[in-house]
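Understanding the architecture of this molecule
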Amino acid sequence: MSNNTLENGMGFWQLISKNKIEIPIIQRDYAQGRNDDKTKIIRNGFLSSLIDTLENKKALELDFVYGNVDEKVLQPLDGQQRLTTLFLLHWYLYLKTDKLAESKNTLLKFTYETRTSSREFCNELVDNRDDLGEGKKISEKISDSNWFFLSWKKDPTIKAMLTMLDAIEEKLEVKSEDEMATFFKDLTSENPPITFLFKELKDIGLTDDLYIKMNARGVPLTDFENFKARFEKHIDDNKWELEESNLLEKTSHKIDTSWTDLFWKHRGTDNLIDDEYIKFIAGIAIINYAKNKEFLENEKEFSEVKKILLEKNKNTTDEAVKAEIIERSIQRLFNNPNTVSPKDFPTKNAFEYLKDCLDIYSKNKNDEIFPSNLNLWDYCKKGTVDISSDTKTENTLFIEFVKDGETTYKQRVLFFAQTAYLLNADTINQEFFSHWMRVVRNITHNATIDSASGFVGAVNLVNELSKGCLNIYEYFIQNKIESSFARTETAEEILKSSIITNPLNNKVSIFSIEDTKFFRGKIKFALHCVDFENSQSAFDENKLNALHRVITEHLNSDDLSAKFRSAMFTVKNNDFYEYWRSWSYGTDTHKRCLIENTSDLKWNFTHGYYGDYLKELLLKLIDRSLDEIINEYSFPEQMPNWKRRLIKEPVLQEKYAQSSYFGISNDNKAFLFYNRKRPNSRQDCKKIE
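Here we summarise the structure given alongside this text. A quick note: this is a predicted structure, and the numbers were derived from the prediction, not measured.

1. Describing the sheet that holds strand β9 (residues 589–593)
- With antiparallel pairing, five strands are arranged side by side in an open sheet as β8-β9-β10-β11-β12. Sheet topology places β8 (582–584) and β12 (685–688) at the edges, where each strand pairs with a single neighbour. Between one strand axis and the next, the sheet turns by 35° as a mean value, whatever way the strands run.
- Direction of pairing for strand β11 (residues 671–674) relative to β12: antiparallel, over a ladder of four bridges. By the bridge assignment for β12, Tyr-674 is matched with Cys-685.
- Docked against the sheet, helix α30 (residues 641–648) engages β10 (661–664), β11 and β12, running at close to 50° with respect to β11.

2. Here we look at the layout of surface pockets
- Looking at the largest pocket, its volume works out to about 770 Å³.
- Along the walls of the largest pocket sit 28 residues, with Asn-446, Lys-522, Lys-602, Trp-603 and Thr-606 positioned nearest its centre.
- Listing elements by their share of the lining of the largest pocket, those giving two or more residues are α19 (430–446), α22 (487–500), α24 (524–529), α27 (598–605) and α28 (611–623).
- Looking at the lining of the largest pocket, its residues break down into seven nonpolar, twelve polar and nine charged.
- One number sums up the size of the second largest pocket: a volume of about 540 Å³.
- Together, 27 residues line the second largest pocket, and Glu-276, Val-402, Lys-403, Asp-404 and Gly-405 are the ones closest to its centre.
- Contributions of two or more residues to the lining of the second largest pocket are made by α13 (274–292), α15 (318–335), β6 (384–388) and α17 (397–402).
- Split by residue class, the lining of the second largest pocket holds seven nonpolar, nine polar and eleven charged.

3. Focus on the nonpolar core
- If you look at the biggest cluster of nonpolar residues, it comprises 144 residues, and the most contacted ones within it are Phe-280 and Phe-564.
- Those residues in contact with Phe-564 that sit more than four places away from it in its chain are His-554, Leu-555, Leu-601, Leu-614, Leu-617, Leu-618, Leu-621 and Leu-626.
- With 56 residues, the next largest nonpolar core counts Phe-46, Leu-47, Phe-148 and Leu-165 among its residues.

4. Structural notes on helix α8 (residues 177–187)
- Within α8, burial applies to Met-180, Phe-183, Phe-184, Asp-186 and Leu-187. Buried residues of α8 fall within an arc of 165° about the axis and therefore sit on the same side. α8 presents Asp-178 and Lys-185 as exposed residues on the side facing more than 90 degrees away from its buried surface.

5. Quick word on unusual backbone geometry
- Positive phi is not limited to glycine here, since Lys-239 has a value of about 55°.
- A relative accessible area of 66% places Lys-239 in the exposed class.
- Positive phi values are uncommon outside glycine, yet Ala-486 reaches one of about 50°.
- Locating Ala-486 in the fold gives a position in the loop between α21 (472–478) and α22.
- Exposure remark for Ala-486: the relative accessible area of 12% places this residue in the buried category.

Conventions used here
Residues numbered from 1 in each chain as written. Predicted model: local features only at pLDDT ≥ 70, side-chain atom pairs only at ≥ 80, totals over all residues. Heavy atoms only, no water. Pairing = 2+ DSSP bridges. Helix = DSSP H or I, 4+ residues; strand = E, 2+ residues; numbered from the N terminus. Axes fitted to C-alpha atoms, helices over the stretch in contact; angles between N-to-C directions. Contact = heavy atoms within 4.5 Å. 1 Å grid on protein atoms, 1.4 Å probe; cavity = no way out; pocket = protein on both sides within 12 Å on 5 of 7 lines; lining within 4 Å. Points joined across faces, edges and corners; volume = space filled by probe spheres on them. Nonpolar A, V, L, I, M, F, W, Y, C, P; charged D, E, K, R; others polar. Core = buried A, V, L, I, M, F, W, Y, C linked by side-chain atoms within 4.5 Å. Buried < 20%, exposed > 50% of the residue type's maximum accessible area, 1.4 Å probe, protein only. Arc of directions from axis to C-beta.

Listed below in structure tokens is the structure:
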């Protein structure tokens, strides 16, 4: 063996006497104290071996412990679980025997850096041996101590340590103090009965991905580690990578090096990358299902799904059954990314797509990319976010894709679009990248994508459009779009392309009004307001910019002003409220609505008959204020007084409109403000005549 390996073995006490043992931040929580059945079996077996060795004066070697020693501080790479258990065993024996201060000072050299609470607990545990609380079990006495913080019970390492101490106590409680003193003396002697071989790894380079690669013994594998092991076998079984392939290009190498570096940047507050890694892989599987519609055909599954469709009186053709299987797979992974398995990558094509995605985000800081001068709204809020316990960064679609919590279908479509651009572009042109993401944002926001089937349609549309992602507006002009998904939204993007690609370059005015809170990408109504109906129409940029100012001033929040509603009475036939009709049995009146908010206004007044009401008012507001429109209005003779008052007295809405709903008497001479959407009687109303 080399000089930094002890051939005859080393005991825990010998190791900690020479070095401080510091469990590094990248290591997992202590797991041998977990309460699941599998860990209980491991724990009981391990402790039985340790105690039997001490009782019967045997020798027990615990294999290698690997780590790096720097200035007498040992950071174990492999062996964390065994070292922690040995620390707890030594501490318990120290607790039960009358040992000198030297023992305390030595035990204080064991610490955890994974969490501040874990580190403080280890120190306090040793410092306060003689200051424990009440309880039957040792864990209860520790938890009842004055120095023990209740918040520590949330730390998984501390919880596991307390469980392990109870297990140690259960094994040793029948022993006398003299017996335990002998155990402690033997463990701290020059020739201890329990040893391990220590290998220092400083010479080979200790890296973060090496820590992650070598999981400590006794720790149950995470979902990601299980997936990784089975996936590497899946690749080998299908011979998707040739044996003679360059090692640096193999999945088994990348998954623990360049790809690990990518996710280490985005590790969670627990300082692990498993959840982020597995969510990314599941997310790519979801996209691949939608894009390529590939799955491992299973006769039993096919028959079961066909039977379900038949019972629901749905189409049961082979294509329909396959589509249902795809959608079910997408929904499964959407609801629970941890269920991802190698079978979710059924073909070499799917496997290569995953590799390409991991590769592209591992290069050139592509995980940090964000389209310039483009608001992605709630799909990716701008601002700084915490991506680990000690790192903040600007939010990106990549972070939204791998973060803890739900990634919506619409966010996934945007991430797919971004990935498509990165895979198609040799270098990133920020202007064209932003154009591409703007188009996809507009379509995605205004289309219905709230199910697996909608997601499939959106991905297929974006996949078709991605052929032109390097210059999307030119692509629209030169190509016919075949996808049937979101036809209306796509047609509008094509129409806007005819303006944007015009030599006059009117894209600034188009982009500005697209980005308003009111329109959010869907500006067909705005183009209608400036009389641009098709690519042959003349485009008035100045008028659109003026309209943009009106929208920004009056429709930039969720609430709609009382004056705006009053001004709506001055346009066309003064009956805009007829857009919504019902009957109130409680008040025996015709029930109407004054428009609830700007969302209601957009939904009901930007198309069809009532669209002209809003158009007329917005065009008036280009040159006049709401006050001027209201004050200058000339009342028709036949207009009922209640309607005159609603125009001239917007304050009535502010004073009495507890809801946007109102009633009109049968003779049209009175107006009732409802104090709720469904009033029980006229007592719940304010009458205006």
